[in-house]
Amino acid sequence: KNVPQTVLVTGGAGFIGSAVCRHLVASGKYRVVNLDKLTYAGNLTSLRDLDGNPNYVFRKADICDTDKVRKILADEAVDLVMHLAAESHVDRSIDGPMAFVTTNVVGTASLLQAVLDHWRSLGEEARKRFRFHHVSTDEVFGDLPFDSGVFTEDSPYKPSSPYSASKAASDHFVRAWHETYGLPVVLSNCSNNYGPYHFPEKLIPLVIANALDEQPLPVYGKGANIRDWLFVEDHARALEAVMTGGRIGESYNIGGRAERTNLEVVEAICALLDARRPRNGGRSHLDLITYVTDRPGHDRRYAIDPTKSEQELGWTPLETFETGLARTVDWYLANGWWWRPIREQRFDGTRQGLVAAK
Ligand code: NAD
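Residues numbered from 1 in each chain as written. Predicted model: local features only at pLDDT ≥ 70, side-chain atom pairs only at ≥ 80, totals over all residues.

Visitor: Any chance you could break down the overall build of the protein chain for me, citing the residues and the numbers?
Guide: Assigned secondary structure in the protein chain consists of 13 helices and 12 strands. For the protein chain, whose C-alpha radius of gyration is 20 Å, the value lies close to the compact-globule estimate of 21 Å for 358 residues. Principal-axis analysis of the C-alpha atoms places the extent of the protein chain at approximately 70 × 45 × 40 Å. For the protein chain, buried positions account for 47% of its 358 residues. Within the protein chain, residue pairs in contact and separated by at least 24 positions form 82% of the contacts whose partners lie at least 6 positions apart. (Helix = DSSP H or I, 4+ residues; strand = E, 2+ residues; numbered from the N terminus. Rg over C-alpha atoms; globule rule 2.2 N^0.38 Å. Buried ≥ 20, exposed ≤ 12 C-beta atoms within 10 Å, placed from the backbone. Contact = placed C-beta atoms within 7 Å.)

Visitor: Please set out the site of the ligand residue by residue, giving values where relevant.
Guide: Taken together, 31 residues lie near the ligand, and G11, G14, A41, G42 and A86 sit nearest. Going through the elements one at a time, helix 1 (15–27), helix 4 (98–121), strand 5 (131–137) and strand 7 (192–194) are the ones with two or more residues in the shell around the ligand. (Near = placed C-beta within 6 Å.)

Visitor: Tell me what's going on with the sheet that holds strand 3 (residues 56–60), and back it up with residues and numbers.
Guide: Within the open sheet, the 7 strands sit side by side as 3-2-1-4-5-6-10. Their pairing is parallel. The open sheet is flanked by strand 3 and strand 10 (251–254), the only strands paired with a single partner. Strand after strand, the sheet turns through a mean of 20° between neighbouring axes, direction not considered. In terms of strand pairing, strand 4 (residues 80–83) meets strand 5 through 4 bridges, oriented parallel. Along strand 5, the bridge assignment pairs L80 with R131. The strands that helix 1 touches are strand 1 (5–10), strand 2 (30–36), strand 3 and strand 4; relative to strand 2, the one it contacts most, it runs at about 160°. (Pairing = 2+ DSSP bridges. Axes fitted to C-alpha atoms, helices over the stretch in contact; angles between N-to-C directions.)

Visitor: So what about the sheet that holds strand 11 (residues 259–261)? Which residues, and what values?
Guide: Sheet strands pair by backbone hydrogen bonding; their relative direction is either parallel or antiparallel. Strand order across the open sheet formed by 3 strands is 7-9-11, with mixed pairing between neighbours. Unpaired on one side and paired on the other, strand 7 and strand 11 mark the two borders of the sheet. If you compare each strand with its neighbour and ignore which way they point, the axes differ by 50° on average.

Visitor: Tell me about the pairing of strand 6 (residues 185–190), and name the residues and values.
Guide: Counting buried positions over the 6 residues of strand 6 gives 6, a clear majority of the element. Here strand 6 shows no split at all, with V185, L187 and N189 on one side and V186, S188 and C190 on the other all buried. Relative to strand 6, strand 5 is paired through 6 bridges, and the arrangement is parallel. Note on strand 6: the bridge partner recorded for S136 is N189. After leaving strand 5, the chain enters helix 6 (residues 162–181) and then returns to the sheet as strand 6, a path that is right-handed. Of the strand pairs in this sheet, strand 6 and strand 10 are connected by 4 bridges, and their pairing is parallel. (Right-handed = clockwise from strand over helix to strand, strands pointing away.)

Visitor: Describe the environment of L273, and please don't skip the residues or the numbers.
Guide: Looking at the element boundaries, L273 is found in helix 9 (residues 262–276). Here L273 falls in the buried class, since 22 other C-beta atoms lie within 10 Å of it. Excluding its chain neighbours within four sequence positions, the residues that come into contact with L273 are A211, H285 and V329.

Visitor: Quick rundown of the nonpolar core? Include the residues and the values.
Guide: With 89 residues, the main nonpolar core has V20, C21, V32, M82, V115, V207 and I269 as its most contacted residues. Each residue touching V207, except ones within four places of it in the same chain, is listed here: L217, V266 and I269. (Core = buried A, V, L, I, M, F, W, Y, C linked by C-beta atoms within 7 Å.)

Visitor: For the UniProt feature "domain: NAD(P)-binding" (unreviewed entry) in the protein chain, give the residues involved together with the corresponding values.
Guide: UniProt tags residues 8–327 as "domain: NAD(P)-binding" (unreviewed entry). Counting secondary structure, residues 8–327 comes out at 41% helix and 18% strand; the distance between its end C-alpha atoms is 29 Å. (UniProt positions renumbered as here; feature names shortened; annotations may be inferred.)

The structure is reproduced here in structure tokens:
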């Protein structure tokens, strides 16, 4: 088969998936088939730049529907699969865990079944080149103390939330399909992403949107929880590197070497907005910060050691947290057409509001 290779991206209408679709198509090396159920988090307007592009096609499907997925894999002659489709919001997983079990656990196993049949049907050369790349999170490793430790690929799995437990289970299923059936898999576990087209229930876009609307900026507990942050386009580049260069059966940690407390993140956004969009009366956006009751089971700190990805794959982020955050704030300032309708239709501006409204 001639290049470009056909990549099936599941969850391509989501935040990271849409960045992956844009990145792979722009490289000119791939034809991308975006398979997505279009849940509340899926949004095809994030991909309007690809409308009419001959190397991009959208197929609406649920990963739990094994027969339909099997047919799409065959019809589209898929060479590689990158699996991002998931329920992804920790707060929602606390309110309604079963959707996370259905999509993240059962859905991943159903997808693996369809992919295994497809892989077995390929000719020898295509079977050798085939990869199933499972995209996962650092949250599977659980909680670190504030002042020490870091997750490596060998860290034990110790998930705390229904979300991270469901992702941990999916990682195990992917490894099992490799060990048991020989499916050529690679895995990656990444820290918190941020950037354009991020659904405005997540911390960074929520804080930007609330600040612009003069609404409270909710911070859990004292804002002391620490996350490592990575700009979404750097993650998309890392994912291509893992899919094409990762060793079969291995997992790769991906992170930005950018640990920040939640309060530092919110303060950085306020400083950027104070400079770009001063409030009436000259007060800082910092005045809008409101401390809310902490999330149950809230992990203190996540920290990723990305050395293996850097050394084996030659990947390193292009953005620092400061440059990436400035790009993100500028994107939200310029692209209200994308996030305003989402917010106005389905969201009352609080962290819990979206869950309650559903
Ligand atoms: P997202 O919620 O923005 O997007 C998820 C996409 O999956 C949506 O388009 C949705 O419609 C689709 N989807 C959901 N259920 C489906 C189903 N049953 N069948 C088909 N499609 C379905 O999520 P995201 O933030 O882009 O995360 C993508 C992946 O990356 C997830 O697997 C997540 O666990 C992982 N991840 C996310 C982060 C992060 O910071 N956002 C960090 C590390 C890993």
